[in-house]
Amino acid sequence: MALTGLQIFKLLPKNNCKKCGKPTCLAFAMALAQKKASLDECPEASQETRATLAEASAPPMRAVRFGAGAHEVQLGMETVLFRHEEKFYSPTVIAVSVSDGLAGDALKARIRAVNALQFDRVGTHIRVNAVAVVNDSGSAAAFAAAAETVKATSKLAMILVSEAPEALGAAAARVKDVRPLLACATAATADAVAKIAKENNCPLVAASSSPDGLADLTEKIKAAGVEDIVLCLKGLRIKDELYGLTVARAAALKKTFRPLGYPTLSLVLEGTPEAQAGKAAALVCKYAGVVVLATAEPWAILPALTAIMNIYTDPQKPVQVEPKVYTIGEPTDGSPLLLTTNFSLTYYTVESDAEASRVPCYILVVDTEGTSVLTAYSGDKLNEKVVADAMKKCDVEHLVKHRKLIIPGYVAVMSGKLEEETGWEILVGPRESSMLPKYLQDVA
Ligand code: SF4
């Protein structure tokens, strides 16, 4: 729980020396409570005060990172139970398993198949972010060799999945420079796995079948000197796992219960690809930080990635595309010119339907602060002046010779004023974008 300004004030030296740049200790305490100052700015604060404030101001859920370079991933740092309360910070990481029972070309082919799990959706590139090496063989040597092959064949972040500390130790020593996530430490192996994590500077996964068991385990691991911990509720039915994840999230964020203030990992290594796809999507919704699937079927991975895209957008910032003129195919100065708004879902729907028409054309996208056509019109963000300004800015006069602009059917009402403002002929297009292909074929 964050401290108030007065609570912080009680911990400060109260000598009003002004070395922090504030006139009084109270002013500094208030600035600190509002996160407008840092305790480092007070050279007079004692070590005890620093420790107390650091503990009190620590985020309710720790940030844990694994992987290296551009493919490092971040988990945790969440502050709310529901996205609309603020936003979620660390999108769920989707990982796909690679068995150490494979070797040679078969192993490399599987790793490449995981690397290839990437998609373009609504103008955004989405992908699987991690490879999970699974110790199916039971052999520490085979596990370590498979981890090395993964490191050589993929830049994705790595998770090492084994219940045997000796296998985790052998693999971690070989690939520690890419900072893999070690999964898992149980009550029986916590000391040994914590030692490996500490020696190799890797985060680890604590696994138990209940939130209470996890709380005991994280305390033990923390006492052993490992701070970067990920929670795993293991061996539960999906219904019970979802319940446990919700309990853990609520305890961490609402009660600031530090032993559960860590991100989570879920293993979905069994069942048909259909079942895995359903479980993974459900886990993304409540509140998995990492989901490891066994299937590498693109159609089974995509639902989870799509759910992540939707859940981890900032609800206060509509997803927008750049306002400008977009080309479909290779348009000429005689090609149709369409108008739409910069709400990304609106734009990509129009783009896809325009492409389906096979009629080369231009799309003039006006800045409506990321709102859809009707919302923008009713909020006066789409009016004749906005459109005329956008036409001037994008110099559409020199783009087409016909001086005709096709506007969405839903805003047919603005055609008269738009004609007066621009001097262009305004054509009213269909209300639904799905009717665009036929419309464009008719007007082209
Ligand atoms: Fe108070 Fe510290 Fe600021 Fe001095 S530097 S006024 S002790 S808060």
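These numbers come from a predicted model, not from an experiment. (Residues numbered from 1 in each chain as written. Predicted model: local features only at pLDDT ≥ 70, side-chain atom pairs only at ≥ 80, totals over all residues. Heavy atoms only, no water.)

## Quick notes on the side chain of Ser433
What counts here: The numbering of helices and of strands both runs from the N terminus, where a helix is a DSSP run of H or I of at least 4 residues and a strand a run of E of at least 2. Partly exposed describes any residue whose relative accessible area lies between the buried limit of under 20% and the exposed limit of over 50%, with all areas from a 1.4 Å probe on protein chains only and scaled to the type maximum.
As for its position among the elements, Ser433 is in the loop between β17 (425-428) and α16 (436-443). For Ser433, a relative accessible area of 15% translates into the label buried.

## Observations regarding the site of the ligand
Put simply, the test is: Working definition: residue near molecule or strand if any one of its non-hydrogen atoms lies within 4 Å of it. Polarity classes work like this: nonpolar for Ala, Val, Leu, Ile, Met, Phe, Trp, Tyr, Cys and Pro, charged for Asp, Glu, Lys and Arg, and polar for all others, with Gly in that last group.
Surrounding the ligand, one finds Pro13, Asn15, Asn16, Cys17, Lys18, Lys19, Cys20, Cys25, Phe28, Cys42, Pro43 and Glu44. For the shell around the ligand, the class distribution of residues is seven nonpolar, two polar and three charged.

## Considering the packing of aromatic side chains
Here the distance between the centres and the angle between the planes together describe a pair of aromatic rings. Counted only if it meets this: Aromatic contacts are taken between Phe, Tyr and Trp rings whose centres are within 6.5 Å, Trp giving its six-membered ring; a plane angle under 30 degrees counts as stacked, one over 60 as edge-to-face, and the others as tilted. We call a charge positioned above a ring when the Lys NZ or Arg CZ atom is no farther than 6 Å from the ring centre and deviates by at most 35 degrees from the ring normal.
In this structure the tally under the stated criterion is three aromatic pairs. Residues Phe88 and Tyr312 carry aromatic rings whose centres are separated by 5.6 Å and whose planes lie at 50° to one another, so their mutual orientation is tilted. Placement of the pair is Phe88 in the loop between β2 (73-75) and β3 (93-99) and Tyr312 in the loop between α11 (298-311) and β13 (325-328), with a sequence separation of 224 residues. In this structure Phe88 comes out as buried when scored by relative accessible area, which is 10%. Taking 4.5 Å as the distance between ring centres and 40° as the angle between the ring planes, the aromatic pair formed by Tyr326 and Tyr347 counts as tilted. Highlighted residues: Tyr326 in strand β13 and Tyr347 in helix α12 (residues 344-357), separated in sequence by 21 residues. Using a relative accessible area of 2% as the deciding quantity, one classes Tyr347 as buried. Chaining the aromatic ring pairs together yields one cluster made of Tyr326, Tyr347 and Tyr348. A cation over an aromatic ring shows up here: Lys14 above the ring of Phe9, its NZ or CZ 5.7 Å from the ring centre.

## Some words on helix α9 (residues 238-254)
Applicable threshold: For a helix, the expected span equals 1.5 Å multiplied by the residue count minus one. Residue contacts are counted whenever heavy atoms from the two residues lie within 4.5 Å of one another.
The end-to-end C-alpha separation of α9 is 24 Å, in line with the 24 Å expected for 17 residues at 1.5 Å each. Restricting attention to buried positions, one finds in α9 the residues Glu241, Gly244, Leu245, Ala248, Arg249, Ala251, Ala252 and Leu253. As for α9, its buried residues are in contact with α8 (211-223), β10 (229-233), β11 (265-268) and α10 (273-285).

## Structural notes on the side chain of Glu241
What counts here: Counted as positive: Lys and Arg. Counted as negative: Asp and Glu, with His and the chain ends omitted from the count. A pairing counts as a salt bridge when a side-chain nitrogen of Lys or Arg comes within 4 Å of a carboxyl oxygen of Asp or Glu. Any pair of nitrogen or oxygen atoms within 3.5 Å is treated as a polar contact; in protein, a donor-acceptor pairing is required on top of that, and neighbouring residues in sequence qualify only through side-chain atoms on both sides.
Note on placement: Glu241 falls in helix α9. Buried and without a salt bridge, Glu241 has Lys279 as its closest oppositely charged side chain, separated by 7.6 Å. There is a polar contact of 2.7 Å between the side chain of Glu241 and the side chain of Ser266. Apart from residues no more than four positions distant in its own chain, Glu241 is found in contact with Leu233, Leu236, Ser266 and Leu283.

## A few points about the sheet that holds strand β9 (residues 204-208)
Convention followed: Whether two strands pair depends on DSSP finding at least two bridges between them. Orientation is described by lines fitted to C-alpha atoms, with helices fitted over the stretch in contact, and by angles between N-to-C directions that extend from 0 to 180 degrees.
Strand order in the open sheet made by the eight strands is β10-β9-β8-β7-β6-β3-β12-β11, with parallel pairing throughout. This sheet does not close on itself; its edge strands, each paired only once, are β10 and β11. In this sheet, neighbouring strand axes are inclined to one another by 25° on average, regardless of whether the strands run parallel or antiparallel. The sheet contact formed by strand β6 (residues 130-134) and strand β7 (residues 157-161) spans five bridges and is parallel. Bridging from a neighbouring strand, Val133 pairs with Leu160 of β7. Together, β8 (181-185), β9 and β10 form the strand contacts of α8, whose direction differs from that of β9 by roughly 145°. Running over the sheet, α10 touches β3, β11 and β12 (290-293) and is turned about 175° from β12.

## Details of the pairing of strand β5 (residues 124-127)
For a regular strand, side chains alternate in direction, first toward one face of the sheet and then toward the other. Sheet analysis places strand β4 (residues 118-121) next to β5, joined by four bridges and oriented antiparallel. Paired with Arg121 across the strands is Thr124, a residue of β5. Where β4 folds back on β5, the antiparallel hairpin that results is connected by two residues, among which Val122 adopts a positive phi of roughly 45°.

## A few points about a nonpolar patch on the surface
Defined as follows: A patch is a set of surface residues, each over 30% in relative accessible area and not in a salt bridge, joined within 9 Å for like charges and within 5 Å for the nonpolar side chains Val, Leu, Ile, Met, Phe, Trp and Tyr. Under the convention used here, a 1.4 Å probe and the Shrake-Rupley method define accessible areas, while residue burial counts only the protein chains that appear.
A grouping of Leu6, Leu26 and Met30 is seen on the molecular surface, where their side chains present a nonpolar patch of about 250 Å² in accessible area. Of note, Leu26 is situated in helix α2 (residues 25-33). By relative accessible area, Leu26 is classed as partly exposed at 34%.

## Observations regarding the domain arrangement of the protein chain
For clarity, the threshold we go by: Domains are outlined according to an automatic or database domain assignment.
What the domain assignment reports for the protein chain is domain 1 (5-57), domain 2 (64-311) and domain 3 (325-443). Measuring from the centre of the C-alpha atoms in domain 2 to the corresponding centre in domain 3 gives 45 Å.

## Some thoughts on the environment of Glu227
You can see Glu227 is positioned in the loop between α8 and β10. Here the alpha-carbon distance between Glu227 and Ala157, two residues 70 residues apart in the chain, equals 19 Å. Other than its neighbours up to four places away in sequence, Glu227 contacts Arg62, Lys222 and Tyr262.

## Comments concerning the pairing of β6
This is how it is decided: Crossovers are described as right-handed under a simple rule: with the strands pointing away from the observer, the path leading from the first strand over the helix to the second runs clockwise.
Counted residue by residue, β6 has five buried out of five residues, so it is predominantly covered. In this structure, β3 lies alongside β6, joined through five bridges in parallel fashion. The residue bridging Ser99 from the neighbouring strand is Val134, located in β6. Read from β6 through helix α5 (residues 140-153) to β7, the crossover connection turns out right-handed.

## Describing the pattern of salt bridges
With the rule as written, the count across this model stands at 14 salt bridges. Here Arg174 and Glu148 are joined by a salt bridge, their closest N and O atoms 3.0 Å apart. Pair noted here: Arg174 is in helix α6 (residues 165-175) and Glu148 is in helix α5, with a separation of 26 residues, a long-range link. Arg174 gets classed as partly exposed once you look at its relative accessible area, which sits at 39%. Across the pair Lys438 and Asp442 runs a salt bridge whose closest N-O atoms are separated by 3.1 Å. Note that Lys438 and Asp442 are positioned in helix α16 at a spacing of four residues, about one turn of the helix. Each of the salt bridges in this network shares a partner with another, and the network as a whole consists of Arg62, Arg179 and Asp228.

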